[in-house]
Amino acid sequence: MAVTMYYEDDVKVPALAGKKIAVIGYGSQGHAHAQNLRDTGHDVIIGVRHGKSFDKAKEDGFETFEVAEAVKQADVIMVLAPDEIQADMYADEIAPNLKPGSAIGFAHGFNVHFGYIKVPETVDVFMVAPKGPGHLVRRTFTEGFGVPALFVSHQDATGHARDIAMDWAKGIGCARVGIIETTFKEETEEDLFGEQNVLMGGLTHLIEAGFEVLTEEGYAPELAYFEVCHEMKLIVDLIYEGGFTKMRQSCSNTAEFGDFVTGDRIITPDVKERMRDALRDIQSGKFAQEFRDDYKAGFPRLKAYRAEAEKLPIEVIGKELRKAMPFTQAGDDDQFKIYQ
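Bear in mind that the values here come from a model prediction, so they are computed numbers and not experimental data.

Participant: Is there a simple way to think about the overall build of the chain in this case?
Facilitator: Helix and strand counts for the chain stand at 16 helices and nine strands. Over its C-alpha atoms the chain spans a radius of gyration of 22 Å, differing by no more than 12% from the 20 Å that the globule rule assigns to 340 residues. Taking the principal axes of its C-alpha atoms as reference, the chain extends roughly 65 × 45 × 40 Å. Per-residue burial for the chain yields a buried fraction of 40% across its 340 residues. The long-range share in the chain, meaning contacts at least 24 apart out of those at least 6 apart in sequence, stands at 68%. For the chain, the exposed area adds up to about 18300 Å²; of that, 56% sits on carbon and sulfur atoms. If you average the places of the 37 positive and of the 56 negative side-chain charges in the chain, the two averages end up 2 Å apart.

And the structure:
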């Protein structure tokens, strides 16, 4: 199904002009949205619980308040706290202070789509979801362009929800390169599917499996790391720049031939069926409930997964090899951290 790409010239209504904007959360996405909107000329305050992110927002020159107070002051609220804390934060600090006729936005539809957050019918609900991490949203903005984004007018109480979403996307720089209109359902389910099956879950397990096969067959772990992990960035960069075609044109004929004759022996039809099973778990809310239950219990499963992953041989050897490659550490600073 074809979609329409909108750009800055398509944003006709300055819907954020004259409004007090509260960005809730000052982590990866929060700092980027807040700083870009401020640089665009908007009136932005930060709402965040006391702690490291509160101090960081004040250090960056923002008027910074506890969440409830920021919501009281604001006409437009953007919730950019981590997914797992949003529902409780909304119930305890945001909902009691929402004014009729105000607008509340999100960068991911998780809590609204699965029903953990229910907004009164008197309030606009919108989404602007940049297709990139916060540090890129900020960096590309300062460089004069941006990252693409999805936008949604989910609940139009005032008749201005769509204009607010589009103007927000313009304000953070996304409309410079293109924005696409979608729904909370589509954004949430596709985003979770992509992360779990390809971008993170699929990719990391594919790399890990390749490393294990080579090392179990007696090949040096250092060489295995370079072959199946380090070079991954080079391949992905080529795909990012020009699709599969540019990647294949940039590699040897030997590599390209091997791609075609071996790829579908690894990613077989049963892989697609398992992906469909994973998609059904997302669509039904099963994954969302598992995630919420683990959070409510203190994240025992997530912490166990992290601890196990840190001990993987590919992580151990990779950490050592990267010490000799300082260029791989570029930008590894606080802007990547998600402050709570």
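The discussion continues.
Participant: Sorry if this is basic, but what is going on with helix H7 (residues 161–171) here?
Facilitator: The α-helix winds at 3.6 residues per turn, so residues separated by three or four positions along the chain end up facing the same way. Counting buried residues along H7, eight of its eleven residues qualify, which places the element largely inside the surrounding structure. Looking one or two residues past H7, Gly173 carries a phi angle of roughly 95°, positive in sign.

Participant: Would you explain the nonpolar core in this entry?
Facilitator: One recurring pattern in soluble globular proteins is that nonpolar side chains are buried together. Counting 36 residues, the largest nonpolar core has Ile46, Phe126, Val128 and Trp168 as its most contacted members. For this core, the element with the highest residue contribution is H7, accounting for five residues.

Participant: Is there a simple way to explain the state of the cysteines in this structure?
Facilitator: Here a disulfide denotes a covalent bond joining the sulfur atom of one cysteine to the sulfur atom of another. Under the defined criterion, the tally for this structure stands at zero disulfides. Of all cysteine sulfurs, the one in Cys229 lies closest to Cys251, which takes part in no disulfide; the gap is 17 Å. When its relative accessible area of 25% is taken as the criterion, Cys251 is described as partly exposed.

Participant: I'm lost on the packing of aromatic side chains in this one. Help?
Facilitator: Any aromatic ring pair is given by two values, namely how distant the centres are and how the planes are angled relative to each other. The full count for this structure, using the stated rule, is eleven aromatic pairs. Ring centres 6.4 Å apart and planes at 80° place the aromatic pair Phe106 and Phe184 in the edge-to-face group. Within this pair, whereas Phe106 is found in strand S6 (residues 103–106), its partner Phe184 is found in helix H8 (residues 184–199), the two being separated by 78 residues in sequence. Residue class for Phe184 comes out buried when judged on its relative accessible area of 2%. Between Phe291 and Phe299 the ring centres are 5.7 Å apart and the planes differ by 45°, which places this aromatic pair in the tilted class. Put simply, the rings of Phe110, Phe114, Tyr116, Phe287, Phe291, Tyr295 and Phe299 touch in pairs and so form one group of aromatic residues. Stacked on the ring of Phe141, the Lys or Arg Arg176 has its end atom at 4.4 Å from the ring centre.

Participant: What exactly am I supposed to notice about the environment of Arg139 here?
Facilitator: With respect to the secondary-structure elements, Arg139 resides in helix H6 (residues 134–142). Once the C-alpha coordinates of Arg139 and Val13 are considered, the two residues, 126 residues apart in sequence, prove to be 26 Å apart.

Participant: I'm lost on unusual backbone geometry in this one. Help?
Facilitator: Notably, Phe299 is not glycine yet its phi reads approximately 60°, a positive angle. Structurally, the position occupied by Phe299 is in the loop between helix H14 (286–296) and helix H15 (300–310). On the basis of relative accessibility, which here comes to 12%, the residue Phe299 falls in the buried class.

Participant: Looking at this structure, I do not really get a nonpolar patch on the surface. What am I missing?
Facilitator: A contiguous nonpolar surface patch, about 310 Å² in accessible area, is contributed by Val198, Leu199 and Met200. Note that Val198 resides in helix H8.

Participant: Teacher, can you tell me more about the packing of H8 against helix H9 (residues 201–216) here?
Facilitator: Helix packing geometry: the angle between the two helix axes and the distance between the axes. Close contact between H8 and H9 brings their axes to 3 Å; oriented N to C, the two are set at 5°. Between H8 and H9, the angle is such that the two are roughly parallel. From H8, Glu195, Gln196, Asn197, Val198 and Leu199 reach across to H9, where they touch Gly201, Gly202 and Leu203. Taken together, the residues of the contact of H8 with H9 sort by class into three nonpolar, four polar and one charged.

Participant: Would you take a moment to explain the pattern of salt bridges for this structure?
Facilitator: Once the charged atoms of two side chains with opposite charge are near each other, the side chains can pair. According to the stated counting rule, one finds 19 salt bridges in the structure shown. Here Asp277 makes a salt bridge to Arg280, at a shortest N to O gap of 3.0 Å. Within this pair, Asp277 and its partner Arg280 are both found in helix H13 (residues 269–284), separated by three residues, close to a single helical turn. Owing to a relative accessible area of 43%, Asp277 belongs among the partly exposed residues under this scheme. Here Glu290 ties to Arg301 by a salt bridge, and the two come within 3.9 Å at their closest N and O atoms. One end of the pair, Glu290, is in helix H14; the other, Arg301, is in helix H15, and eleven residues separate them in sequence. Judged by its relative accessible area of 30%, Glu290 is partly exposed. Salt bridges sharing partners connect three or more residues here, namely Lys56, Glu59 and Asp60.

Participant: Even after reading the chapter, I still don't get the confidence of the model for the chain, so can you show me in this structure?
Facilitator: In low-pLDDT segments, the atomic positions of the prediction should not be examined closely. Mean pLDDT over the chain works out to 94, with 96% of the residues at or above the 70 mark. Predicted confidence is poor over residues 332–340, with pLDDT under 50, and the contacts of this stretch with residues over four places away or in other chains come to 20 contacts.

Participant: What am I meant to see in the pairing of strand S7 (residues 124–130) here?
Facilitator: If a strand is regular, its side chains alternate between the two faces of the sheet. The buried fraction of S7 is high, at seven of seven residues. Because side chains alternate across S7, one face comprises the buried residues Asp124, Phe126, Val128 and Pro130, and the other comprises Val125, Met127 and Ala129, equally buried. As paired elements, S6 and S7 share four bridges and run parallel to each other. Paired with Ile104 across the strands is Val125, a residue of S7. Where S7 lies against strand S8 (residues 149–155), six bridges are found, and the strand directions are antiparallel. Counted as the bridge partner of Met127 is Val152 from S8.

Rules and cut-offs
Residues numbered from 1 in each chain as written. Predicted model: local features only at pLDDT ≥ 70, side-chain atom pairs only at ≥ 80, totals over all residues. Heavy atoms only, no water. Helix = DSSP H or I, 4+ residues; strand = E, 2+ residues; numbered from the N terminus. Rg over C-alpha atoms; globule rule 2.2 N^0.38 Å. Buried < 20%, exposed > 50% of the residue type's maximum accessible area, 1.4 Å probe, protein only. Contact = heavy atoms within 4.5 Å. Areas by Shrake-Rupley, 256 points an atom, 1.4 Å probe, with all protein chains shown as cover. Lys, Arg positive; Asp, Glu negative; His and termini not counted. Charge placed at Lys NZ, Arg CZ, Asp CG, Glu CD. Core = buried A, V, L, I, M, F, W, Y, C linked by side-chain atoms within 4.5 Å. Disulfide = S-S within 2.5 Å. Phe/Tyr/Trp six-rings, centres within 6.5 Å; stacked < 30°, edge-to-face > 60°. Lys NZ or Arg CZ within 6 Å of the ring centre and 35° of its normal. Patch = residues over 30% accessible without salt bridge, like charges linked within 9 Å, V, L, I, M, F, W, Y side chains within 5 Å. Salt bridge = Lys/Arg side-chain N within 4 Å of Asp/Glu carboxyl O. Axes fitted to C-alpha atoms, helices over the stretch in contact; angles between N-to-C directions. Parallel < 35°, antiparallel > 145°, perpendicular 65-115°, else oblique. Nonpolar A, V, L, I, M, F, W, Y, C, P; charged D, E, K, R; others polar. pLDDT = per-residue confidence, 0-100. Pairing = 2+ DSSP bridges.

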